[in-house]
Amino acid sequence: MLLDGKVPGGLLTEKWDRHRFELKLVNPANKRKFQIIVVGTGLAGGSASASLAELGYDVKTFCIQDSPRRAHSIAAQGGINAAKNYTNEGDSIWRLFYDTVKGGDFRAREANVYRLAQVSNNIIDQCVAQGVPFARDYGGLLANRSFGGAQVSRTFYARGQTGQQLLLGAYSALMRQVGKGKVKMYPRREMLDLVVINGKARGIVVRNLVTGQIERHAGDAVVLCTGGYGNVYFLSTNAMACNVTAAYRCHKRGALFANPCFTQIHPTCIPVHGDYQAKLTLMSESLRNDGRVWVPKNPADERPPNQIPESDRDYYLENKYPSFGNLVPRDVASRNAKEQCDQGKGVGETALAVYLDFADAIKRDGQAVIAKKYGNLFQMYEKITADNPYQTPMMIYPAVHYTMGGLWVDYNLMSTIDGLFVLGEANFSDHGANRLGASALMQGLADGYFIIPYTIGGYLTGSRLDRVSVEDQAFRDTENEVNARIQKMLAVQGKRTVDDFHRQIGLIMWDYCGMARNNAGLEKARKLIQELRAEFWENVLVPGKTDDLNQSLERAGRVSDFMEFAELMVIDALARQESCGGHFNEAFQTEDNEAKRDDENFCHVAAWEYNGVDVEPAFHKEPLNFENVELSQRSYK
Ligand SMILES: Cc1cc2nc3c(=O)[nH]c(=O)nc-3n(C[C@H](O)[C@H](O)[C@H](O)COP(=O)(O)OP(=O)(O)OC[C@H]3O[C@@H](n4cnc5c(N)ncnc54)[C@H](O)[C@@H]3O)c2cc1C
């Protein structure tokens, strides 16, 4: 089946304005008649709930954490992109659009990316009006710094806590609507299924994580903002609660999953240090503004970094990519770090690390300036590693960080299930095969503040929505299925903990579907995943009961979905016989070891339809048409 992204006609620069004009409006007095369900309170969900309620819709908002402010978005450090061009460096909407399409290795939908660049400037205005304390320059304008894949400074930031400050802005807007009674907040609820009636998303089934009670909620549309699935790798920089459950269970109800193998491995993270580690820590990409990446030229060089003279160091990114230097995009920086370590030049105890050195920047600008820019990141690094990065270079290594794949959505952000909209990291929409730094916050807020408020109205006015009740049979059936799955998990009473299974599936994914992939490894991974999944259902130990607070049960549910979803990622990676962005199949590389695309055969979005566990999913494709940028081999030299 060919998928229709429903991209409006006309000039790229005019599509969104025209579409907004053509979308049917919901009369202000009628908005309160619609009940919208929003799942997730990160930047995408928080901004969507606040904006929809502000428009007059009745909103129910759900999240796993005890407060919307604890969504994973709070962890975002480095910044958010926008094409304001305050720095007079020649930035523009067009340049941000072009950089994003190119950064994603030409695997994103042009029209979506252009719209994202267009609304980027509105986001900054909105957040400033909310009081988000962005850094400012000497003249009072908002300050900018550089992120990878761009030659202009367009990243707005609030020290190393940009996500936290933006989320506080969205949270304030959300709580204003809670106060007005337009949003009803349901914290500590986990969505475990979607209720589909006559082909339309009409509600959700959630588990109250404190009491264990299963609840049914009905609505006229469901807006899924449940974040990314990087935790399928077990070790990642994502918050512990990040998961694929809500998205995957919608997938099982008919929503196609797009490009699941597109994973982003971030180059600047604190290296793994032991077998029993459960989390990896990101050192923000902003550090590559001033930090220089290097390894000793000689693999046998075991001197401490400060004793290795310039002549014996290889600043491999600066040497190989003189135009972009240390600020090449993440996929390129990560692969190069791996390449250096594979050649035996890795540093530290495990030899799986490279240096990120601030000595030159401190000499040039002084420690106080560097501390002002990155102080909290340096402090965090020192707390974790007991090394002082002002005195000795940081050691960094790539780690799983972000997932570009997600539920397939059309230009209106609607999935293949009518009335199920997907926003933020949970959808696949804007980043192609590699996301540029500081573009996730931009996308989440664009989706929530500026896109869904328009497109949901078009759906609600244009659809026949019969009254539904949580007493309808479809709700009861879905609840029964949720209960049956929980009981099945509790009944196994095997010998291995959920975390043990999670760690193992993560290792399989990292080894065979990680930074570099090959067909033999992927085939092997598929078999290993199937075997592990079978063992999970025979040997998992989930202590406790369902009608209580039970974190093992919560995790078991999420890991059981990872067990199925991991196979879909591998299937997708096997089907894409090319390399692009974060998907690097070793058989497809240029002479310089860069990703080699096959535009003739793979210039498309791969979207998968669920057919059952252990049954081959059906492949659908959305061809990508580039009318405004020329497809070229990416070069950052
Ligand atoms: C360490 C780190 C630093 C980052 N720094 C940056 C940066 O500087 N700039 C940038 O642009 N991007 C950054 N990113 C990426 C960015 O933070 C995320 O992509 C973005 O915050 C995702 O926002 P979201 O709203 O889509 O999802 P999230 O913030 O992940 O929110 C998901 C929400 O869904 C809820 N949820 C999930 N599953 C369920 C369920 N089953 N039932 C009910 N609720 C559910 C959660 O409770 C939560 O409220 C960073 C990522 C990491 C890991």
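Bear in mind the structure is a predicted one, so any value in this text is a computation, not a measurement. (Residues numbered from 1 in each chain as written. Predicted model: local features only at pLDDT ≥ 70, side-chain atom pairs only at ≥ 80, totals over all residues. Heavy atoms only, no water.)

Engineer: Whenever I open this one, helix α1 (residues 15-22) confuses me. Can you help?
Structural biologist: Of the residues making up α1, those classed as buried are Lys-15, Trp-16 and His-19. For α1, the arc enclosing every buried residue in end-on projection is 90 degrees, short of the 170-degree limit, so these residues lie on one face. Where the residues of α1 are buried, they touch α5 (110-130) and α12 (440-462). (Buried < 20%, exposed > 50% of the residue type's maximum accessible area, 1.4 Å probe, protein only. Helix = DSSP H or I, 4+ residues; strand = E, 2+ residues; numbered from the N terminus. Arc of directions from axis to C-beta. Contact = heavy atoms within 4.5 Å.)

Engineer: Sorry, what's going on with the sheet that holds strand β17 (residues 420-422) here?
Structural biologist: Within a beta sheet, neighbouring strands are joined by backbone hydrogen bonds and run either parallel or antiparallel to one another. Spatially, five strands are ordered β5-β2-β1-β9-β17 in an open sheet, and the strand pairing comes out parallel. Two strands bound the open sheet, and with one partner strand each, they are β5 (183-186) and β17. Between one strand axis and the next, the sheet turns through 20 degrees on average, direction left out of account. Across four bridges, strand β1 (residues 35-39) lies against strand β9 (residues 221-224) in parallel orientation. (Pairing = 2+ DSSP bridges. Axes fitted to C-alpha atoms, helices over the stretch in contact; angles between N-to-C directions.)

Engineer: Is there a simple way to explain the packing of helix α15 (residues 519-539) against helix α16 (residues 551-575) in this structure?
Structural biologist: When two helices pack together, you describe them by how their axes are tilted relative to each other and by the distance separating the axes. Contact pair α15 / α16: the axes reach a minimum separation of 9 Å and the direction vectors enclose 160 degrees. Put simply, α15 runs roughly antiparallel to α16. Relative to α16, the crossing made by α15 is left-handed. Residue-level inspection shows Asn-519, Leu-522, Glu-523, Ala-525, Arg-526, Ile-529, Gln-530, Leu-532, Arg-533, Phe-536 and Trp-537 of α15 in contact with α16, the latter providing Ala-556, Val-559, Ser-560, Met-563, Glu-564, Ala-566, Glu-567, Val-570, Ile-571, Ala-573 and Leu-574. Grouping the constituent residues of the contact of α15 with α16 by class yields 14 nonpolar, three polar and five charged. (Parallel < 35°, antiparallel > 145°, perpendicular 65-115°, else oblique. Left-handed = near helix turned anticlockwise from the far one by under 90°. Nonpolar A, V, L, I, M, F, W, Y, C, P; charged D, E, K, R; others polar.)

Engineer: How do you make sense of the nonpolar core when you look at a structure like this?
Structural biologist: Among the nonpolar cores identified, the biggest contains 178 residues, and Ile-36, Ile-80, Leu-224, Leu-420 and Ile-456 are the most heavily contacted of them. Top element by residues in this core is α16. It accounts for 13 residues. If we skip the residues at most four places from it in the chain, Leu-224 touches Val-39, Met-191, Ala-246, Ala-247, Cys-250, Leu-407, Leu-420, Phe-421, Val-422, Leu-423 and Ala-426. (Core = buried A, V, L, I, M, F, W, Y, C linked by side-chain atoms within 4.5 Å.)

Engineer: Is there a simple way to explain empty space enclosed by the protein in this structure?
Structural biologist: Rolled over the atoms, a probe as big as a water molecule pinpoints where empty space is left. Under the defined criterion, the tally for this structure stands at six cavities of 30 Å³ or more. Along the wall of the largest cavity there are 15 residues; nearest its centre are Tyr-248, Glu-564, Glu-567, Gly-612 and Val-615. Secondary-structure elements contributing two or more residues to the lining of the largest cavity are α7 (245-252), α15 and α16. At four residues, the largest contribution of residues to the lining of the largest cavity is made by α16. Of the residues contributing to the lining of the largest cavity, the split by class is seven nonpolar, three polar and five charged. Counted as a void, the second largest cavity has a volume near 110 Å³. Considering the residues around the second largest cavity, the lining is formed by Glu-190, Leu-192, Arg-207, Leu-209, Thr-245, Arg-249, Ile-486, Met-489, Leu-553, Glu-554, Gly-557 and Arg-558. Counting only elements with at least two residues in the lining of the second largest cavity, the list comes to β6 (189-197), α7, α13 (473-492) and α16. The leading source of residues in the lining of the second largest cavity is α16, at four residues. Here the lining of the second largest cavity is built from residues that sort into five nonpolar, two polar and five charged. (1 Å grid on protein atoms, 1.4 Å probe; cavity = no way out; pocket = protein on both sides within 12 Å on 5 of 7 lines; lining within 4 Å. Points joined across faces, edges and corners; volume = space filled by probe spheres on them.)

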